[in-house]
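Now for the letters of each chain:
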Protein chains: 2
Amino acid sequence: MIDYSALAALAAVVREGSFERAARALHVTPSAVSQRVRLLEERMGCALVVRGQPCQPTETGRRLCQHLDRVRLLEHELRGTLPTLDPQGHTRVRLPIAVNADSLATWFAPALAAFAAEAPVLMDVAVDDEGHTAEWLRSGAVLAAVSATARPATGCNSRALGAMRYRAAASPRFVARHFPDGVSAGALARAPSLLFSAKDDLQARWVRRQCRRHVELPRHTLPSSQAFVTAALAGMGWGLHPQALIQPHLDDGSLVELVPHTPLDVPLYWHEARAASSLLEGLTRVVVGAAKQGLGRG
Amino acid sequence: MIDYSALAALAAVVREGSFERAARALHVTPSAVSQRVRLLEERMGCALVVRGQPCQPTETGRRLCQHLDRVRLLEHELRGTLPTLDPQGHTRVRLPIAVNADSLATWFAPALAAFAAEAPVLMDVAVDDEGHTAEWLRSGAVLAAVSATARPATGCNSRALGAMRYRAAASPRFVARHFPDGVSAGALARAPSLLFSAKDDLQARWVRRQCRRHVELPRHTLPSSQAFVTAALAGMGWGLHPQALIQPHLDDGSLVELVPHTPLDVPLYWHEARAASSLLEGLTRVVVGAAKQGLGRG
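Predicted model only: the values in this text are computed from it and were never measured.

K.L.:
Give me the lowdown on the confidence of the model for chain A, citing residues and values where you can.
P.N.:
The pLDDT averaged across chain A works out to 92; a share of 97% of its residues lies at or above 70. Put simply, helix α4 (residues 59-81) of chain A is where chain A has its lowest mean pLDDT, 84, and strand β10 (residues 256-257) of chain A is where it has its highest, 98.

See the structure below:
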């Protein structure tokens, strides 16, 4: 049997980023935390956490932490039938998830907030590109994820949520200045584009579809969905924006599509670890319901 | 003399995250990129990039990249006096900066966007906790940063920008439910708080000031300034919000201060690498001007 108090110490170190803060969270001394983690490492025969600032789990460490997350979900189920386990009813379960920034900025945040306001959970939300959130689940860092990947990881389920619709848009002044003769590969090679991060390939995908070839785009990187819109309004660059976020600006003409009627649809999927947990099922219900409202048909 | 074509290859690998994408950006073959980086590594006698997904610079690699950024700024100055260097006037200079998320979500984004819409730059914006952005400059990853640290790094200048005012706020329903008898250490130990990330210590600082002791807070982590507000409105938790972001909600009563008139002011500083660059000076002017409007007196 795994030593769960040692595993809880490991999870606290990973979550808090240091042995000192983990000790404070667990109400024990740092040397007790250190000893528990070391014993677990000896038992496993490998390092579980890379000591640094912050401390980070090794791959095996992350898998153990995900196992602990699942065990805690099961404990929560048990508490429902054995209320004496937690007479004060104060225990909250940690639910780590990963989501893409544009979902969080549009349909996902209100759904998540409504769920978390009522359920006995503490959400740990990680934000990454929709092409990479599934890796968070695969590596064991989270229990559920919104992802552009359809195929579920081992031990996980996935289901289609619908598609996020993007529009290639910029300010009218930007378009007049950088695309006076329309959108061509040559003009795109000179007009600054907006990228959310180095992982963001939406602009390149849209260009490949429009121009039927790769164009090396000059680019700003700006990792915030809302700042992306602010940047577009001010004429800093063109980029792919979630339609839900810029519809008011398209309506009032402060942003225009680079080429009318050329949306890019990105199908999204909900992945969750199989965990026989009513909490995770509850979150799934809320997420699927919000996606039905907030996303288009995939 | 440093081999600048090799250094440009290194910088492209770091920026693009892979040798293949760097090759495409530089219009050369991947093996040419690989060879240039290897020669530079042999010359320096150490690894400059950690091959991975994405490729990341070593500390020495990062310093070399920052040096290249500075040289490019100087080249841009020269172009101003020798226009034949760049007859088409299309060359844009890459300007990597780091900023805290709450600044980006409030006063910083419009200023940055207005600057970048007119200046011949490509901005690379990194977002991190205001306690950590100065490290980005120190490590050579960026040329300027908004930071809570006053002391400038070697080779850099810093100046006070003013203070960001935060309010500890939640929905009225959340307050009624979790603080029926007022805000106490005991109630705070049970009411879910909102943290931006594991690095976010604003909530802990506010609690320490209010309760005159450390309280271990149950917490959600939610790394988005706007989702933070959405979460507060829905009653998911309490947290420290930039006043500029939640003033409308405080005005209409959808959010209330946990304890009236208990703002937390975080002084912010602008750090920039000394680079004798009119572009960097231009950005500084815009940032200082926007801070004067958007921040309180430090």
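K.L.:
Residues and numbers for the pattern of salt bridges, please.
P.N.:
All names here are of chain B. One pass over the structure, following the stated rule, counts 22 salt bridges over all chains. Close ionic contact of D128 with K199 constitutes a salt bridge, the shortest N to O distance being 2.8 Å. Pair noted here: D128 is in the loop between β4 (121-127) and α6 (133-138) and K199 is in the loop between β7 (193-195) and α9 (202-211), with a separation of 71 residues, a long-range link. We classify D128 as buried; its relative accessible area is 15%. Here D201 ties to R205 by a salt bridge, and the two come within 3.8 Å at their closest N and O atoms.

K.L.:
Now, about the interface of chain A and chain B: what can you tell me, with residues and values included?
P.N.:
In this assembly, 45 residues from chain A lie in contact with 45 residues from chain B. Overall, the association of chain A and chain B removes approximately 3,600 Å² of surface from exposure, summing both partners, and the carbon and sulfur fraction of that is 56%. A per-residue breakdown of the area chain A buries against chain B is headed by E216, R219 and M236 of chain A, which together make up 14% of the total. Our enumeration of links across chain A and chain B arrives at six salt bridges.

K.L.:
Provide a residue-level description of the nonpolar core, including the pertinent values.
P.N.:
Side chains of nonpolar character tend, in soluble globular proteins, to be buried together. In this structure, W107, F108, M123, L161 and W238 of chain B are the most contacted members of the largest nonpolar core, which totals 71 residues. Once residues lying within four places of it in the same chain are set aside, the contact partners of L161 of chain B are W107, V146, L268, Y269, W270, V287, V288, A291 and L295 of chain B. Grouped together as the second largest cluster of nonpolar side chains are 68 residues, L202, W206 and A275 of chain A together with A105 of chain B included.

K.L.:
Explain the side chain of N100 of chain A residue by residue, including any values.
P.N.:
All names here are of chain A. Within the secondary structure, N100 is located in the loop between β3 (93-99) and α5 (101-118). Within the structure, the side chain of N100 is placed 2.7 Å from the side chain of S103, a separation counted as a polar contact. In this structure N100 touches V127, D128, D129, E130, T133, V146, Y166 and L268, once residues within four positions along its chain are discounted.

Rules used throughout
- Residues numbered from 1 in each chain as written.
- Chains lettered and ligands numbered in written order.
- Predicted model: local features only at pLDDT ≥ 70, side-chain atom pairs only at ≥ 80, totals over all residues.
- Heavy atoms only, no water.
- pLDDT = per-residue confidence, 0-100.
- Helix = DSSP H or I, 4+ residues; strand = E, 2+ residues; numbered from the N terminus.
- Salt bridge = Lys/Arg side-chain N within 4 Å of Asp/Glu carboxyl O.
- Buried < 20%, exposed > 50% of the residue type's maximum accessible area, 1.4 Å probe, protein only.
- Contact = heavy atoms within 4.5 Å.
- Buried area = accessible area lost by both parts, 1.4 Å probe.
- Core = buried A, V, L, I, M, F, W, Y, C linked by side-chain atoms within 4.5 Å.
- Polar contact = N/O pair within 3.5 Å; in protein donor to acceptor, adjacent residues only side chain to side chain.

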